[in-house]
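Each chain, written out:
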Amino acid sequence: MTHEMVHLAFPSVPDDHHWIEEGIATYVEPIARAQIGDLPPETVWRELVDGLPKGLPAAGDGGLDRTHTWGRTYWGGALFCLMADVEIRRRTNNRYGLQDALRGILGAGGNMEHDWPLTRALKAGDDATGVPVLRELYDRMKATPITPNLPALWHQLGIRPSGNSVVFDQGAPLASVVRSIMAKRSDPGSACVQVAPPGSTADSMSVLEIEDAF
């Protein structure tokens with residue numbers, strides 16, 4: 001039910017972009033449930049560790065707009081969302097995240113009752129966070145198969161798989177991003193978890209650098 005209700009808060013986009021609708025719902029649902037205490041954070045991240053590889057491009061696949069398999073639609077879209085969430089929080093010193101971008105899209109009138117071009121929705125989200133992460137990431141992933149190094153991303157975030165669960169490494173470069181993603185927040189734009197001052201996070205890599213490095 002949570003998955004389906006997330007769809008109500010995003011505009012209808014052309015069929016080639018169905019991945020963004022299903023990806024947002026796949027990514028947001030467990031986080032939203034964890035924020036109200038319905039799921040433990042370990043379950044959320046274990047499901048991402050297990051599920052996101054299903055969204056990686058296979059041989060012969062194109063970008064997200066060109067390959068419409070189940071894995072690329074649901075988990076490829078969710079991977080886009082996680083990469084965007086991490087990069088928004090990294091660039092804004094954890095003040096904003098994908099949650100703020102989605103609130104901005106909804107606040108601009110983008111809901112299921114309206115048909116929008118995807119670029120309009122992404123711009124509204126970027127305007128809400130003040131950084132052009134959604135449009136930049138879309139430009140990279142829409143036509144080209146991108147394969148980020150997920151183990152490198154988990155290492156940066158401090159997500160350590162352990163049996164059927166995960167352990168959170170609070171000393172990891174982007175551990176505060178994980179805490180911020182999971183924090184319940186009713187005040188849009190208020191920082192959940194403040195990270196180190198800008199310029200002091202040299203040891204953390206952007207999601208685009210993680211992609212380019214491998």
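Given the structure is predicted, the values throughout are model-derived calculations rather than measurements.

Per the counting criterion, the structure on display carries 12 salt bridges. Note that Arg46 and Asp50 form a salt bridge whose closest N and O atoms lie 2.8 Å from each other. Remark: Asp50 and Arg46 occur in helix 3 (residues 41-51); sequence separation between them is four residues, near one turn of the helix. Its relative accessible area of 15% is what places Arg46 among the buried residues. With a shortest N-O distance of 3.1 Å, Glu87 and Arg90 are connected by a salt bridge. Here the residue Glu87 and the residue Arg90 both occupy positions in helix 4 (residues 70-91), the gap between them amounting to three residues, near one helical turn. What makes Arg90 partly exposed here is its relative accessible area of 28%. Through salt bridges with shared partners, a single ionic network connects Glu87, Arg90, Arg91 and Glu136.

Before going further, it helps to spend a moment on the environment of Glu87. Judged by its relative accessible area of 2%, Glu87 falls in the buried class. When the C-alpha atoms of Glu87 and Gly97 are compared, they prove to be 8.2 Å apart, with 10 residues separating the residues in sequence. Here Arg90 takes part through its side chain, which lies 3.1 Å from a polar atom of the side chain of Glu87.

A separate point is empty space enclosed by the protein. If you walk through the whole model with that rule in mind, you get one cavity of 30 Å³ or more. Volume-wise, the largest cavity comes out at about 50 Å³. Listed by contribution, the elements that provide at least two residues to the lining of the largest cavity are helix 2 (18-35) and helix 5 (98-107). Per-element accounting of the lining of the largest cavity gives the leading share, four residues, to helix 5.

Core analysis: the biggest nonpolar cluster contains 55 residues, and Phe10, Tyr27, Trp45, Leu52, Phe80, Trp154 and Leu157 have the highest contact counts within it. Those elements that provide at least two residues to this core are helix 2, helix 3, helix 4, helix 5, helix 6 (118-129), helix 7 (133-141), helix 8 (150-157) and helix 9 (175-182). No other element matches the 10 residues that helix 4 contributes to this core.

About the thresholds
Residues numbered from 1 in each chain as written. Predicted model: local features only at pLDDT ≥ 70, side-chain atom pairs only at ≥ 80, totals over all residues. Heavy atoms only, no water. Salt bridge = Lys/Arg side-chain N within 4 Å of Asp/Glu carboxyl O. Helix = DSSP H or I, 4+ residues; strand = E, 2+ residues; numbered from the N terminus. Buried < 20%, exposed > 50% of the residue type's maximum accessible area, 1.4 Å probe, protein only. Polar contact = N/O pair within 3.5 Å; in protein donor to acceptor, adjacent residues only side chain to side chain. 1 Å grid on protein atoms, 1.4 Å probe; cavity = no way out; pocket = protein on both sides within 12 Å on 5 of 7 lines; lining within 4 Å. Points joined across faces, edges and corners; volume = space filled by probe spheres on them. Core = buried A, V, L, I, M, F, W, Y, C linked by side-chain atoms within 4.5 Å.

Purely geometric numbers; function is a separate question.
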